[in-house]
Amino acid sequence: MSGDEAVAPVVPPVAEAAAIPEDMDLMTAVQLTVRKSCAYGGVVRGLHESAKLIEKRVAQLCVLAEDCNQPDYVKLVKALCADHNINLLTVPSAKTLGEWAGLCKIDSEGNARKVVGCSCLVIKDYGEETTALNIVKKHIESN
């Protein structure tokens, strides 16, 4: 019996490692990276806070929504990232970015409700190394 009990704790870590596929797409990897960074308190949202971190050169990654309706906003963020050599990624929707950044309520079924749009966010601390983070870093290095 003691031999069976020793084998049982080894199985769950293997199942957790298989939960994150090695061949995930970029948007899924960005989503997991943003959520992990939020859990570690490494995400700031909004233009003012993002601009402050970019200018201090503390930012590691900037994520910008493509559907932002303020051309000056987009131009400012892109210029700041280019001037300070901060990596910039774009996502299709501000509502999606807001949901990833935790700007929503989660109902009892686990669905996001009352999602607030987020046009820009900056990651200053990734948290821990994950497969998703490695995929994002590979994409940044290749572009």
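Basis of the calculations
- Residues numbered from 1 in each chain as written.
- Predicted model: local features only at pLDDT ≥ 70, side-chain atom pairs only at ≥ 80, totals over all residues.
- Heavy atoms only, no water.
- UniProt positions renumbered as here; feature names shortened; annotations may be inferred.
- Helix = DSSP H or I, 4+ residues; strand = E, 2+ residues; numbered from the N terminus.
- Contact = heavy atoms within 4.5 Å.
- Pairing = 2+ DSSP bridges.
- Expected span 1.5 Å × (residues − 1).
- Buried < 20%, exposed > 50% of the residue type's maximum accessible area, 1.4 Å probe, protein only.
- Arc of directions from axis to C-beta.
- Polar contact = N/O pair within 3.5 Å; in protein donor to acceptor, adjacent residues only side chain to side chain.
- Axes fitted to C-alpha atoms, helices over the stretch in contact; angles between N-to-C directions.
- Parallel < 35°, antiparallel > 145°, perpendicular 65-115°, else oblique.
- Left-handed = near helix turned anticlockwise from the far one by under 90°.
- Nonpolar A, V, L, I, M, F, W, Y, C, P; charged D, E, K, R; others polar.
- Salt bridge = Lys/Arg side-chain N within 4 Å of Asp/Glu carboxyl O.

The name given to the protein in an unreviewed UniProt entry is 40S ribosomal protein S12, with the source organism recorded as Camelina sativa. Under the UniProt heading Sequence similarities (unreviewed entry), the entry covering the protein gives this text: "Belongs to the eukaryotic ribosomal protein eS12 family."

## Here we look at the environment of Lys-95
In this structure, Lys-95 sits in helix α6 (residues 94-100). Separated by 22 residues in the primary sequence, Lys-95 and Gly-117 have C-alpha atoms spaced 4.1 Å apart. If we skip the residues at most four places from it in the chain, Lys-95 touches Val-115 and Gly-117.

## Regarding the pairing of strand β3 (residues 87-91)
Bridge count for strand β2 (residues 61-65) against β3 is five bridges, and the pairing is parallel. Bridging from a neighbouring strand, Cys-62 pairs with Leu-88 of β3.

## As for helix α5 (residues 71-83)
Between the first and last C-alpha of α5 there are 18 Å, a value that for 13 residues agrees with the 18 Å anticipated at 1.5 Å per step. When α5 is considered as a whole, its buried residues turn out to be Tyr-73, Val-74, Val-77, Leu-80 and Cys-81. Burial along α5 is one-sided: seen end-on, the buried residues are contained in an arc of 135°. Across from the buried face of α5, at angles greater than 90 degrees, the exposed residues are Pro-71, Asp-72, Lys-75, Ala-82 and Asp-83. As for α5, its buried residues are in contact with α4 (47-55), β2, β3 and β6 (120-123). Positive backbone phi, at 55°, marks Asn-85, one or two positions downstream of α5.

## Digging into the side chain of His-84
With respect to the helices and strands, His-84 occurs in the loop between α5 and β3. A polar atom in the side chain of His-84 sits 3.3 Å from the side chain of Arg-57. The residues touching His-84, leaving out its near neighbours within four places in the chain, are Ile-54, Glu-55 and Arg-57.

## A look at helix α7 (residues 131-142)
Taking 1.5 Å as the rise per residue, α7 with twelve residues should run 16 Å; its terminal C-alpha atoms sit 17 Å apart, in good agreement. Against α3 (26-39), β2 and β3 lie the buried residues of α7.

## Thoughts on the packing of α3 against α7
Between α3 and α7, the least distance of the axes is 8 Å, while the angle of their chain directions is 120°. Taken together, the axes of α3 and α7 are oblique relative to one another. Pair α3 / α7 crosses with left-handed handedness. Every residue of α7 that contacts α3 at Leu-26, Ala-29, Val-30, Leu-32 and Thr-33 is listed here: Ala-132, Leu-133, Ile-135, Val-136 and His-139. Looking at side-chain class alone, the contact of α3 with α7 contains eight nonpolar, two polar and no charged residues.

## Considerations on the pattern of salt bridges
Where charged atoms from two side chains of opposite charge approach closely, those side chains can pair. This structure, assessed with the given rule, holds three salt bridges. For Glu-128, the salt bridge identified is with Lys-36, shortest N-O distance 3.4 Å. Here the residue Glu-128 occupies a position in the loop between β6 and α7, and Lys-36 occupies one in helix α3, the gap between them amounting to 92 residues. Taking relative accessible area as the criterion, Lys-36 reaches 27% and is therefore assigned partly exposed.

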